[in-house]
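# Observations on the three-dimensional arrangement
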Amino acid sequence: MAAVLQAAALLMGFQSGIERFRLRSVLRSSPVPLERALVVRADGRLSAISGVMPRSVRLIPNAVAAKADTTGTSAASKPGHELLLFEALREGLDEEMERDPRVCVMGEDVGHYGGSYKVTRGLASKYGDLRILDTPIAENSFTGMGIGAAMTGLRPVIEGMNMGFLLLAFNQISNNCGMLHYTSGGQFTIPVVIRGPGGVGRQLGAEHSQRLESYFQSIPGLQMVACSTPYNAKGLMKAAIRSENPVVLFEHVLLYNLKERIPDEEYMLCLEEAEMVRPGEHVTILTYSRMRYHVMQAAKTLINKGYDPEVIDIRSLKPFDLHTIGNSVKKTHRVLIVEECMRTGGIGASLRSAIIDNFWDYLDAPVMCLSSQDVPTPYAGTLEEWTVVQPVQIVAAVEQLCR
């Protein structure tokens, strides 16, 4: 399914720059006719959307697992409206721009092109070119400009076309964004949101498959959250924009076409709370972003084997919600962390340390952590898959923990 999501994003024109050149090359060389693209809904069903996709694209059904519908109620009968994840992000952004004229967006291709993954589509014509500001390809410059705008009273949303590109703005994010409130003696607040796609996609190569959580987590003054569903994507976007702190919102490139029904009424989520995805008794599985779906896929196998895993989407990568996590550890006494971040210095390493420091007396087994391998992400699809945690590894780890 991950191949479907990536192909849909690529072939619907969600890419930009080099990716558009690659798309034109693919289309010119494609020997097969093109038809509509597919999206995966949160309940696991496939549906078509306008766009193009080769008829011969092979579906990989287990790459992103569907969240099971435990209510027995059809999606059409539930209240609210259905949105893809990128549409939920746009709806949250649109609502905040309409509510507060200080909210603005800046980044590459965010204007009339609508963003490389269409998160800002249609907003330029609604709010004008000064509030949806297209920038040159200069991440350090427009990130610094956004931080300066936040210091003077605006509430900028800075989009990195790919999170890996924001490494070019690391000085601005660390020395300015994270520290100016402190170094100014509280005279300045930096209400800025830094967001964009990241994670391992489908053959995007090493430089386009970055997970920057491990880079940013050590910067004082930054908050970090990661969305995994349309519901929490919108809620976290709105909360991040209203926060007085600088917030980094991590989005996964393979989850933009995930569909879910969300409420019609306005809502926001706490930036410091985890989400209980599945209550259980035998082991606590902590995860976030795309790995939530790998964990839920593994959970189906574990349940059939007689295990009862508790699954928590930590969502808040900095600070951790140690209240929710601690209550779960006290109940299950076993912890497995599943992440797509790198093993050395990653989110999992910090989370494991926090659990050992705070809940050591409640543990009946060592805290296990499954992470991506410490190698540049290969371009070859089979090798790429080897570097990222797969559901079968999660099942084996739980079995080992519960012996």
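Right, let's walk through the structure included here.

What counts, and where the lines are drawn
- Residues numbered from 1 in each chain as written.
- Predicted model: local features only at pLDDT ≥ 70, side-chain atom pairs only at ≥ 80, totals over all residues.
- Heavy atoms only, no water.
- Helix = DSSP H or I, 4+ residues; strand = E, 2+ residues; numbered from the N terminus.
- Pairing = 2+ DSSP bridges.
- Axes fitted to C-alpha atoms, helices over the stretch in contact; angles between N-to-C directions.
- Buried < 20%, exposed > 50% of the residue type's maximum accessible area, 1.4 Å probe, protein only.
- Contact = heavy atoms within 4.5 Å.
- Core = buried A, V, L, I, M, F, W, Y, C linked by side-chain atoms within 4.5 Å.
- Parallel < 35°, antiparallel > 145°, perpendicular 65-115°, else oblique.
- Left-handed = near helix turned anticlockwise from the far one by under 90°.
- Nonpolar A, V, L, I, M, F, W, Y, C, P; charged D, E, K, R; others polar.

### Describing the environment of Gly128
The topology assignment puts Gly128 in the loop between α4 (123–127) and β5 (132–134). Considered as a pair, Gly128 and His112 are 16 residues apart in the sequence and their alpha carbons are 9.5 Å apart.

### Notes on the sheet that holds strand β13 (residues 309–313)
Strand order in the open sheet formed by five strands is β11-β13-β12-β15-β16, and the pairing between neighbours is mixed. At either end of the open sheet lies a strand with only one pairing partner, and these are β11 (275–278) and β16 (368–372). Recorded for the sheet is a direction-independent mean angle of 25° between the axes of neighbouring strands. Here β11 runs beside β13; their pairing, made up of three bridges, is antiparallel. What sits directly across from Arg278, in β13, is Val311.

### Overview of helix α6 (residues 170–177)
Listing the buried residues of α6 in full gives Gln172, Ile173, Ser174 and Cys177. Those residues of α6 that are buried lie in contact with α5 (139–151), α7 (180–183), β7 (193–198) and α8 (213–216).

### Description of the sheet that holds strand β8 (residues 223–226)
One open sheet accounts for seven strands, arranged β5-β4-β6-β7-β9-β8-β14; its pairing is mixed. Each of the sheet's edge strands pairs with one partner strand only, and the pair in question is β5 and β14 (316–318). Taken over all neighbouring pairs, the strand axes of this sheet differ in orientation by 20° on average, direction set aside. As defined by bridge partners, β7 adjoins strand β9 (residues 247–252) across six bridges and the pair is classed as parallel. Pairing of Val193 across the sheet is with Val247, part of β9.

### Points about the nonpolar core
The biggest cluster of nonpolar side chains holds 43 residues, and the ones touching the most others in it are Phe216, Phe250, Leu286, Ile314 and Ile355. Every element with two or more residues in this core is listed here: β4 (103–107), α5, α6, β8, β9, α11 (322–332), β15 (335–342) and α12 (347–359). With five residues, α12 is the single largest residue contributor to this core. The residues contacting Ile355, other than those within four sequence positions of it, are Leu286, Ile325, Val329, Val335, Ile337, Trp360, Leu363 and Val367. Residues Ala233, Ala239, Leu249 and Leu255 belong to the second largest nonpolar core, which totals 40 residues.

### Quick notes on unusual backbone geometry
For the bond running from Lys318 to Pro319, omega is 0°, close enough to zero to count as cis. Within the secondary structure, Pro319 is located in the loop between β14 and α11. Of note in this structure, Asp109 is not a glycine but carries a positive phi near 65°. Here Asp109 is to be found in the loop between β4 and α4. Asp109 gets classed as partly exposed once you look at its relative accessible area, which sits at 23%. Despite not being glycine, Gln203 has its phi angle at roughly 60°, a positive value. Inspection of the secondary structure puts Gln203 in the loop between β7 and α8. Relative accessible area serves as the criterion here: at 32%, Gln203 is assigned to the partly exposed category.

### Section: the environment of Cys341
For Cys341, the location among the structural elements is in strand β15. Spatially, the C-alpha atoms of Cys341 and Glu213 are 7.0 Å apart, while their sequence positions differ by 128 residues. Cys341 has contacts with Arg211, Glu213, Ser214, Tyr288, Gly346, Ile347, Ser371 and Ser372, leaving out every residue within four places of it along the chain.

### Focus: the packing of helix α3 (residues 85–99) against helix α9 (residues 230–242)
Running from N to C, α3 and α9 point in directions that differ by 30°, and their axes come no closer than 8 Å. As the angle between them shows, α3 and α9 are arranged roughly parallel. As for the relative orientation of α3 and α9, their crossing is right-handed in sense. Within the contact between the two elements, α3 uses Leu85, Ala88, Leu89, Glu91, Gly92, Leu93, Glu95, Glu96 and Arg99 and α9 uses Pro230, Ala233, Lys234, Met237, Lys238, Ile241 and Arg242. A per-class count over the contact of α3 with α9 returns eight nonpolar, one polar and seven charged.

### Points about the pairing of strand β6 (residues 155–159)
In regular strands, side chains alternate between the two faces of the sheet. Where burial is concerned, most of β6 is hidden: five out of the five residues are buried. Neither face of β6 is left uncovered, since the one carrying Arg155, Val157 and Glu159 and the one carrying Pro156 and Ile158 both have all their residues buried. Across five bridges, β4 lies against β6 in parallel orientation. Looking at the pairing, Val103 lines up with Arg155 of β6. Sheet topology note: the β6/β7 ladder contains three bridges and is parallel. Bridge pairing in β7 links Val157 to Val193.

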